[in-house]
Amino acid sequence: MRTHSIQTLFLIVTLFAGIARAEEGPKQRADFKWDTVSLFAIQDRGRMKPLDTFARESVQFITGKPSWKGLSAPEVIFGWLIAYEKEWDKEPFIKIGYQPLKRQLGLPVERQFFTPEELRGNEPLRAALREVLQKERRREPLNDLEKKVMQLQNQRALLESIIAGQTLHILPNAGGIQQPWLSLASLTDRTAADVYSPAQIDKLRSTVGAFLDSFTQGDAAKWNQSSGELSALLIEDIGAGGYPTRASLQREVAYNHFRPFRWAWLLYLSAFVLLVSFLVTKKKPFAQLGLGLVACGFLVHTGGFILRMLISGRPPVTNMYESVIWVSWGCILFSFIIGSSYKKAIIPAAACVFAVVSLVLADTLPSVLDPSIQPLEPVLRSNFWLTIHVLTITLSYAAFALSLCLGNVVLGHYLFNPGKTEVIQYSSLYMYRAIQIGVVLLAAGTILGGVWADYSWGRFWGWDPKEVWALIALLLYLAVLHARFAGYLQGFGFAAAAVLSFLGVLMAWYGVNFVLGAGLHSYGFGSGGTGYVGGYILAQVGFIVVAYVRYKKSGARTAPIFPKK
């Protein structure tokens, strides 16, 4: 039995050489239980995580979806590992969405998914990859098309490493979670002999072989039994004393399945509909239920953030995804703070707009806003000042986002009801309060950034692009407040200036990281999303122009910011 298991494992890890292909496609395996398998710990990209997380991230990266045709992510991963040639090689599941890349590779532009077989023999892809690698060796910047070529190559490389078992580092190291864990592929070479005893190696090969063999045979009872046996072996024997706790693994799996930020935006969207219904009908039950849903959404949002921090063991300072989640949370928070003073439904309703848009983008654009939890970059580790600096700066963005939404409310009144002076005055006042909060936080965050820079780099200010654009954003809003105080901006002008000033925030927040991609703040760099941001800017400027034309034609007098008491 042991010899048979070793041979089976060897065939699996070496892509089942010599097995005839069949065009069955991926299939469901009835009665297979995945709870135990999902809780296997895996060492991936410097972090310990449940296999459920690794599978979701990998399937999302390769297919653009968290699952495939009714198969959960762990099912897909084991299908690639064990039944690749039989079920997957002719299945179109590798996503290529960038049309210029498809045209260059000679692929049908109307299709989104392609088979490994189609890409394996694609000569234009090989030529493009050679050119990109040469540019990287010369340290030349890549254009968008070349970045997509590298992304496609990374998709294929990840798939191949999963097929070969090389990236499935689920075999614990006796030295604990800080030591390199072994992959399934290591059971077929001499690597395992450096970590395990001969008896442990034999037991691992036998157990893993039976486990994988049951998948090949479609034997659900054997799979369910062998997965439990393998789990016990990894935790109690091989990984004794150095395996992540079951509670920590279950916490992350629960986070993956619950998806708190999706529930948060659904609650905020429902709240927005009810609050707008109240503003239109003046029926208080709408307001009460709407505010209750905002509070529920905020609690779910907060709980999701706390759960994410417990999983990662750090505050949310790593990437654009976390900052988007954090800023949308702050926007709702400031709507509560300002709303507690003025008791107006328009304030939380406006905040819900920004929160819904932000959370929907974070939920639906994983290729742009990467939701995976990664270890902190070295520059961020054990750095109190930087953590406080990032959280303060991004909270200022939240206050400015609220002022943006309220500013558009004011512009909307000038477009549709320019004669409602009192409503415009009050909305302008709420916007003014949000800007005040934002300016204080942005100024404090900029100073804290200088303290961190002096601590880490030995200088308080260095004209780094991130520093420059944070200063520009601050100066823009200071100019708006000064012009309002001096009487240069009233009514429409104040609202338009406040809304346009958010473009400075957008540049400091998104533009430096995703467009310029330069400077010392490289831990936040990314790519993609320029079409969405460009579309927003055009729509925003267009809205201001249309509102201005309507305002001028109406002959309405500009409204002072502060209403008469």
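Residue numbers restart at each chain and count upward from 1, following the sequence in its written direction. Given that this is a predicted model, residues contribute local features only at a pLDDT of at least 70 and side-chain atom pairs are listed and counted only at 80 or more, while totals for whole chains, interfaces and linings are drawn from all residues. Note that the side-chain values use all heavy atoms of the structure and ignore hydrogens as well as water.

Turning our attention to the overall build of the chain. Put simply, DSSP marks the helices as runs of H or I at least four residues long and the strands as runs of E at least two long, and each gets a number from the N terminus on. A count of helical and extended segments in the chain gives 21 helices and four strands. Of all 565 residues assigned to the chain, the portion counted as buried reaches 51%. Any two residues whose heavy atoms approach within 4.5 Å are treated as being in contact. In the chain, of all internal contacts separated by at least 6 residues, the share reaching a separation of at least 24 is 69%. Note on areas: Shrake-Rupley, 1.4 Å probe, and residue coverage restricted to the protein chains presented here. About 25,600 Å² of surface is accessible on the chain, with carbon and sulfur atoms providing 60% of the total. Here the chain holds 54 positive side-chain charges and 39 negative ones, and the gap between their average locations is 14 Å. Burial status follows relative accessibility: with a 1.4 Å probe on protein chains alone, a residue under 20% of its type maximum counts as buried, one over 50% as exposed, and anything between as partly exposed. Residues counted as positive are Lys and Arg, residues counted as negative are Asp and Glu, and His and the chain ends are not counted. Lys charges are placed at NZ, Arg charges at CZ, Asp charges at CG and Glu charges at CD.

This part takes up the side chain of Ser-226. Note on placement: Ser-226 falls in helix H11 (residues 220–238). Judged by its relative accessible area of 3%, Ser-226 falls in the buried class. Nitrogen and oxygen atoms within 3.5 Å of one another constitute a polar contact, given that in protein one can donate a hydrogen and the other can accept it, and given that sequence-neighbouring residues count only through two side-chain atoms. At a separation of 2.8 Å, a polar atom in the side chain of Ser-226 contacts the main-chain carbonyl oxygen of Lys-222. Side-chain polar atoms of Ser-226 contact the backbone oxygen of Trp-223, separated by 3.2 Å. Among all residues touching Ser-226, those that are not within four sequence positions of it are Ala-210, Phe-211 and Ser-214.

In this structure, Tyr-268, Ile-435 and Phe-502 are the most contacted members of the largest nonpolar core, which totals 93 residues. Those residues in contact with Phe-502, other than ones at most four positions away along the chain, are Phe-354, Tyr-397, Phe-400, Ala-401, Leu-404, Tyr-477 and Tyr-536. To qualify as a nonpolar core, a set must consist of buried Ala, Val, Leu, Ile, Met, Phe, Trp, Tyr and Cys residues joined through side-chain atoms within 4.5 Å.

Working convention: axes come from line fits to C-alpha atoms, limited for helices to the stretch in contact. Angles between N-to-C directions cover 0 to 180 degrees. Between helix H15 (residues 320–342) and helix H18 (residues 421–457), the shortest axis-to-axis distance is 11 Å and the interhelical angle comes to 135°. Classified by the angle between their axes, H15 and H18 sit oblique to one another. Note that H15 runs across H18; the crossing there is right-handed. Residues Phe-334, Ile-338 and Tyr-342 of H15 form the contact with H18, whose own contacting residues are Leu-429, Tyr-430, Arg-433, Ala-434, Ile-437 and Leu-441. Residues are sorted three ways: Asp, Glu, Lys and Arg are charged, Ala, Val, Leu, Ile, Met, Phe, Trp, Tyr, Cys and Pro are nonpolar, and all the rest, Gly among them, are polar. Of the residues that constitute the contact of H15 with H18, the class distribution is eight nonpolar, no polar and one charged. Oblique is the label for any angle not covered by the other classes, which are roughly parallel (under 35 degrees), roughly antiparallel (over 145) and roughly perpendicular (65 to 115). Should the near helix be turned anticlockwise from the far one by less than a right angle, the crossing is left-handed, and should it be turned clockwise, the crossing is right-handed.

To continue, consider the pairing of strand S2 (residues 47–50). Every second residue of S2 is oriented toward a common face, with Arg-47 and Lys-49 on one face and Met-48 and Pro-50 on the other, all of them buried. For two strands to be treated as a pair, DSSP must find at least two bridges joining them. In the sheet, strand S1 (residues 41–44) pairs with S2 via four bridges, with the strands oriented antiparallel. Considered in S2, the bridge of Ile-42 is made with Lys-49. Linking two consecutive strands that pair antiparallel, namely S1 and S2, is a turn of two residues; a positive phi of about 50° is found at Arg-45 within it.

The next point concerns the state of the cysteines. Cysteine sulfur atoms that pair up within 2.5 Å are treated as a disulfide. Applying the stated rule across the entire model yields zero disulfides. A disulfide-free cysteine, Cys-352 has its sulfur positioned 8.6 Å from the sulfur of Cys-331, the nearest such atom. For Cys-352, a relative accessible area of 0% puts it in the buried group. Cysteine Cys-405 is unpaired, with the sulfur of Cys-331 as its nearest cysteine sulfur at 5.4 Å. Here Cys-405 falls in the buried class, since its relative accessible area comes to 10%.

On to the packing of H15 against helix H17 (residues 384–416), then. Helix-helix packing: each pair is described by the crossing angle between the helix axes and the interaxial distance. One can describe the packing of H15 onto H17 by two numbers: an axis separation of 8 Å at closest approach and a directional angle of 60°. Comparing their axes, H17 and H15 come out oblique. Relative to H17, the crossing made by H15 is right-handed. From H15, Ser-323, Trp-326, Val-327, Gly-330, Cys-331, Phe-334, Ser-335 and Ile-338 reach across to H17, where they touch Leu-391, Thr-394, Leu-395, Tyr-397, Ala-398, Ala-399, Ala-401 and Leu-402.

In this section: the pattern of salt bridges. Here, a salt bridge means any side-chain nitrogen of Lys or Arg that lies within 4 Å of a carboxyl oxygen of Asp or Glu. For the structure shown, the criterion picks out 20 salt bridges. Ionic pairing is found between Glu-252 and Arg-47, a salt bridge with its closest N-O pair at 2.7 Å. Here Arg-47 lies in strand S2 and Glu-252 lies in helix H12 (residues 246–258), a separation of 205 residues in the sequence. You'll find Glu-252 and Arg-47 in the same group, each marked buried. Ionic pairing is found between Lys-222 and Asp-213, a salt bridge with its closest N-O pair at 4.0 Å.

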